[in-house]
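Architecture and fold: a report
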Amino acid sequence: MIDRPLDLDAVRAFVLVAELGSFTRAAETMGTTQSAVSLKLQRLEHRLDCRLLERTPRYVRLSSQGTAFLNHARELLETHVRLFLDPG
């Protein structure tokens, strides 16, 4: 059982990095810095106890665990929007 909820901002950052292939572009989309996105991802990986992304100076790509988590992360964010942010 999970003892505390996931940080939705970190989940959103993960999805953006996965979709955009860049910490910098994800940060620009979120209106924050690359280092803030990197810290969010480190905390999310620590929380989930797995590596979601493989990083090198030249690229970022999903790990096998990241690939498995990506659709769940998208569903979590979509559900959050439907429940809490969609006025309809």
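Check the entry above for the structure.
The structure presented is a predicted model; accordingly, all values stated were derived computationally and were not measured. (Residues numbered from 1 in each chain as written. Predicted model: local features only at pLDDT ≥ 70, side-chain atom pairs only at ≥ 80, totals over all residues. Heavy atoms only, no water.)

A word on the packing of helix α2 (residues 23–30) against helix α3 (residues 34–48)
Across the interface, α2 lies against α3 with an axial gap of 8 Å and an inter-helix angle of 105°. Taken together, the axis directions place α2 and α3 in an arrangement best described as roughly perpendicular. Residues F23, T24, A26, A27 and M30 of α2 form the contact with α3, whose own contacting residues are Q34, V37, S38, K40 and L41. A class-by-class count of the residues in the contact of α2 with α3 yields six nonpolar, three polar and one charged. (Axes fitted to C-alpha atoms, helices over the stretch in contact; angles between N-to-C directions. Helix = DSSP H or I, 4+ residues; strand = E, 2+ residues; numbered from the N terminus. Parallel < 35°, antiparallel > 145°, perpendicular 65-115°, else oblique. Contact = heavy atoms within 4.5 Å. Nonpolar A, V, L, I, M, F, W, Y, C, P; charged D, E, K, R; others polar.)

So, the packing of aromatic side chains
Across all of its chains, the model carries one aromatic pair by this definition. Where F14 meets F69, the ring centres are 5.4 Å apart and the plane angle is 40°; that geometry is what we call tilted. Separated by 55 residues along the polypeptide, F14 in helix α1 (residues 8–20) and F69 in helix α4 (residues 64–85) bring together distant segments of the chain. (Phe/Tyr/Trp six-rings, centres within 6.5 Å; stacked < 30°, edge-to-face > 60°.)

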